[in-house]
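Now for the letters of each chain:
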Amino acid sequence: NLNGDLYGGRVWLDAFVKGEGTRPWQVNVGVAGSNLAQNIAGRTAKKAEQPSDGVFNGMLSLGGEMNGDRPREGRGKIHGFNAKLGDLPLALQLLQVTQFMPPLSQTLDQAKIDFYLRDNKIRFEKFDLTCPTLQLLGSGSLDLDTWKVSMRFKNRGTIPIASDVFGAATDLLLAVDVEGSISDPKISATPIPGLGDNPSLENSCNFAPSSTKSATP
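What counts, and at which threshold
- Residues numbered from 1 in each chain as written.
- Predicted model: local features only at pLDDT ≥ 70, side-chain atom pairs only at ≥ 80, totals over all residues.
- Heavy atoms only, no water.
- Helix = DSSP H or I, 4+ residues; strand = E, 2+ residues; numbered from the N terminus.
- Buried < 20%, exposed > 50% of the residue type's maximum accessible area, 1.4 Å probe, protein only.
- Contact = heavy atoms within 4.5 Å.
- Areas by Shrake-Rupley, 256 points an atom, 1.4 Å probe, with all protein chains shown as cover.
- Pairing = 2+ DSSP bridges.
- Phe/Tyr/Trp six-rings, centres within 6.5 Å; stacked < 30°, edge-to-face > 60°.
- Polar contact = N/O pair within 3.5 Å; in protein donor to acceptor, adjacent residues only side chain to side chain.
- Core = buried A, V, L, I, M, F, W, Y, C linked by side-chain atoms within 4.5 Å.
- Salt bridge = Lys/Arg side-chain N within 4 Å of Asp/Glu carboxyl O.

> Requested: an account of the overall build of the protein chain, with residues and values cited.
Of regular secondary structure, the protein chain possesses four helices and eleven strands. With 217 residues in all, the protein chain has 36% of them scored as buried. Long-range pairs, those at least 24 residues apart, make up 50% of the contacts in the protein chain between residues at least 6 apart in sequence. Looking at the protein chain as shown, the accessible area adds up to about 12,100 Å², and 57% of this sits on carbon and sulfur atoms.

Okay, structure coming up:
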């Protein structure tokens, strides 16, 4: 068991490996209250954090076998808040494609991500970017061998009346697809997604996680 400081927050880890048979292993990692911007940039922690940098909590539980056939698999969650997510290249491109620009991009401040991993592929069950008046609701996958991403986002208002009218209309008329290299993704609007295929769900029926012990940060 290990624990320590991470950019103004705390991080802890526990792991085990059995020494016989297929030698199963398990790793659990948790993070609480860590500075989001510094984790993304990998910078040395500052003495005084800026509130606008944002913070995040997260967990990852991962397991497999060193000498067996069991695939590497696990689950994780990330929750970032009080952040300027509209400044990130992917979020900015999503806002441009959906025609939502400042001041909305300046207040896009929360991210909720739920995912599972099997072998070398991450499946995002939830990849939501939100602010007080807008939600970009996403799901999809990331191939860790090629670092290619395949995702789809829908936009929905969070003002009570606007959510019913504006959100329902955009769900029917517009979705945003993200495809290609994670370093240079191609983002495009897709009309009437209900009549077409969702590329993020390709082969999803053959990609289901088995139960994995989780650690809650």
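> Pulling in residues and values, what's your account of the pairing of strand β2 (residues 9-17)?
As a general feature of sheets, a regular strand has side chains that alternate between the two faces. Note: strand β1 (residues 2-6) against β2, five bridges, orientation antiparallel. Paired with G4 across the strands is V11, a residue of β2.

> Can you break down the packing of aromatic side chains residue by residue, with the values?
Considering all chains together, one arrives at three aromatic pairs under this definition. Residues F124 and F127 carry aromatic rings whose centres are separated by 5.3 Å and whose planes lie at 80° to one another, so their mutual orientation is edge-to-face. The pair F124 / F127 is uniform in exposure class, with both members buried. Through a chain of ring-to-ring contacts, three or more aromatic side chains come together here, namely F115, F124, F127 and F153.

> For the side chain of S61, give the residues involved together with the corresponding values.
Locating S61 in the fold gives a position in strand β4 (residues 55-65). Overall, the relative accessible area of 0% leaves S61 in the buried class. At 2.8 Å, the side chain of S61 forms a polar contact with the side chain of Q26.

> If you had to explain unusual backbone geometry to someone new, which residues and values would you point to?
A positive phi is found at Y7, a non-glycine position, where the angle reads about 45°. You can see Y7 is positioned in the loop between β1 and β2. Phi at D119 is positive, roughly 55°, even though this residue is not glycine. The residue D119 is located in the loop between β6 (110-118) and β7 (121-131) in this model. Under the relative-accessibility criterion, D119 is labelled partly exposed at 40%.

> An account of the environment of E179 is requested, with residue identities and associated values reported.
By secondary structure assignment, the location of E179 is in strand β10 (residues 174-181). E179 sits in the partly exposed class, given a relative accessible area of 29%. For the pair formed by E179 and S141, sequence separation is 38 residues and the distance between their alpha carbons is 9.9 Å. Here S150 takes part through its side chain, which lies 2.8 Å from a polar atom of the side chain of E179.

> Which residues make up the nonpolar core, and what values do they have?
The biggest cluster of nonpolar side chains holds 26 residues, and the ones touching the most others in it are L85, F124, F127, L129, M151 and F153. Put simply, the parts of the chain that give this core at least two residues each are β3 (24-35), β4, β6, β7, β8 (134-143), β9 (148-157) and β10. Sort the elements by how many residues they give to this core and β7 lands first, with five residues.

> Pulling in residues and values, what's your account of the side chain of S150?
As for its position among the elements, S150 is in strand β9. Given a relative accessible area of 11%, S150 falls into the buried group.

> Tell me about the pairing of strand β5 (residues 73-81), and please be specific about residues and values.
Across nine bridges, β4 lies against β5 in antiparallel orientation. Following the sheet pairing, M59 is matched in β5 by K77. Pairing analysis gives eight bridges linking β5 to β6, with the strands arranged antiparallel. Looking at β6, one finds that K77 is bridged to D114.

> Account for the pattern of salt bridges, with residues named and values stated.
Evaluated as defined, the whole model comprises six salt bridges. Among the ionic pairs, E73 bridges to R70, the shortest N-O distance being 4.0 Å. Measuring nitrogen to oxygen at the nearest pair gives 3.3 Å for the salt bridge that ties D114 to K77. Of this pair, D114 sits in strand β6 while K77 sits in strand β5, placing them 37 residues apart in sequence.

Purely geometric stuff here, so don't read any function into it on its own.
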